[in-house]
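Results of the structural survey
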Amino acid sequence: MRKLSAGLFVALDGVVEAPEKWHFPYANEEMNAVVEATGAEADTLLLGRKTYEIFVDFWPKLQGEMADQINNSAKLVVSTTLPEVDAGWNASLLDGDVVETVTALKKQPGRDISVIGSISLVRQLLRTKVLDELRLLIHPIAVGSGDRLFAEGDPLPLKLASSTTFSTGVVYAIYQPA
């Protein structure tokens, strides 16, 4: 069975929005190794509309190991508003119910499935217990404002599977449903 994991940069105050504004001072070889290893485990990316629109304008223009991983992976885009996606970038719209479709996809042969960004999608996959791992790179900064990973609502119990602290103070924590 394929594993579905989500990887996010998160500030101490839970902000996940616009990491390009606060993440880079903490990026180093340790973090890059984790991000690249995670990408190498997956052959399919699950993206929400906003993340897809950012990625399709950015990644196809780049070269290198990480760009190759992203550009060569199959991309399933979850959107009710996009009429089409760039099939030339190996992207397709996910048809039908997200939970049912992703659950069926996990049973198909292949490497893991990775969700990058796509906060609303990650929340939905967590609530419905379809997500197998939540991989957080927790940065030692309180951003103060922005979209947070966990909005107000029902508690969501998780269990810590592993954690590593990088020299920059970033904590890489992997959580699984409790």
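To start, this report covers the structure provided alongside it. Every chain begins its residue count from 1, and numbering advances along the sequence as written. pLDDT decides what is reported in this predicted model: residues at 70 or higher carry local features, side-chain atom pairs at 80 or more are listed and counted, and totals for whole chains, interfaces and linings draw on all residues regardless. Side-chain figures throughout are based on the complete set of non-hydrogen atoms in the structure, without hydrogens or water.

Some words on unusual backbone geometry
Selection rule: Secondary structure elements are defined from DSSP: runs of H or I of at least 4 residues count as helices, runs of E of at least 2 residues count as strands, and each element is numbered from the N terminus.
Non-glycine residue Ala18 carries a positive phi angle of around 50°. Relative to the elements of secondary structure, Ala18 occurs in the loop between strand S1 (4-11) and helix H1 (29-41). Its identity as a non-glycine residue notwithstanding, Lys129 has a phi of 60°, on the positive side.

Concerning the environment of Asn90
Our working definition: For every residue, the accessible area obtained with a 1.4 Å probe (protein chains only) is divided by the maximum for its type, and the residue is called buried under 20%, exposed over 50%, and partly exposed between those limits. Only heavy atoms enter the contact rule, under which two residues are in contact if any of them lie within 4.5 Å.
Note on placement: Asn90 falls in the loop between strand S3 (74-78) and strand S4 (91-93). When its relative accessible area of 38% is taken as the criterion, Asn90 is described as partly exposed. Taking the C-alpha atoms as reference points, Asn90 and Leu76, 14 residues apart in sequence, are found 8.7 Å from one another. Contacts of Asn90, omitting those with residues within four sequence positions, involve Asn72, Ser73, Ala74 and Lys75.

Thoughts on the side chain of Ser114
Assignment of secondary structure puts Ser114 in strand S5 (residues 112-116). Residue classification places Ser114 among the buried residues on the basis of a relative accessible area of 6%. Not counting residues up to four positions away in its chain, the partners in contact with Ser114 are Ser5, Ala42, Thr44, Leu45 and Leu46.

Some points on the sheet that holds S3
To be explicit about the condition: Whether two strands pair comes down to DSSP finding at least two bridges between them. Between N-to-C directions, angles span 0 to 180 degrees; the directions come from axes that are lines fitted to C-alpha atoms, helices contributing only their stretch in contact.
Taken in spatial order, the eight strands make up an open sheet running S4-S3-S2-S5-S1-S6-S8-S7, and their pairing is mixed. Each end of this open sheet is capped by a strand with a single partner; those strands are S4 and strand S7 (158-165). Each strand of the sheet is rotated relative to its neighbour by a mean of 25°, with strand direction disregarded. Pairing analysis gives seven bridges linking S1 to strand S6 (residues 133-139), with the strands arranged parallel. Looking across to S6, one finds that Ala11 is bridged to His139.

Here's the deal with the environment of Lys159
Looking at where Lys159 falls in the secondary structure, it is placed in strand S7. Overall, Lys159 belongs to the partly exposed group, its relative accessible area being 44%. Separated by 14 residues in the primary sequence, Lys159 and Ala173 have C-alpha atoms spaced 10 Å apart. Discounting chain neighbours no more than four positions away, the residues touching Lys159 are Ile174, Tyr175, Gln176, Pro177 and Ala178.

Let's talk about the layout of surface pockets
Note the threshold: Residues are said to line a cavity or pocket when one of their atoms sits within 4 Å of a point; the points come from a 1 Å grid over protein atoms alone, cavities being sets where a 1.4 Å probe fits but cannot get out and pockets being open sets with protein on both sides within 12 Å along at least five of seven lines. Grid points are joined across faces, edges and corners, and a volume is the space filled by probe spheres set on the points. Note on residue categories: nonpolar means Ala, Val, Leu, Ile, Met, Phe, Trp, Tyr, Cys or Pro, charged means Asp, Glu, Lys or Arg, and polar means any other residue, Gly included.
Estimates place the volume of the largest pocket at around 1,600 Å³. Lining the largest pocket are 48 residues, and of these Pro19, Thr51, Phe55, Ile116 and Gly117 sit closest to its centre. Only S1, H1, strand S2 (42-48), helix H2 (49-58), helix H3 (65-72), S5, helix H5 (119-127) and S6 provide two or more residues apiece to the lining of the largest pocket. Across the lining of the largest pocket, the residue classes break down as 25 nonpolar, 17 polar and six charged. Volume-wise, the second largest pocket comes out at about 290 Å³. Arg127, Ala151, Gly153, Asp154 and Leu156 are, among the 13 residues lining the second largest pocket, the residues nearest its centre.

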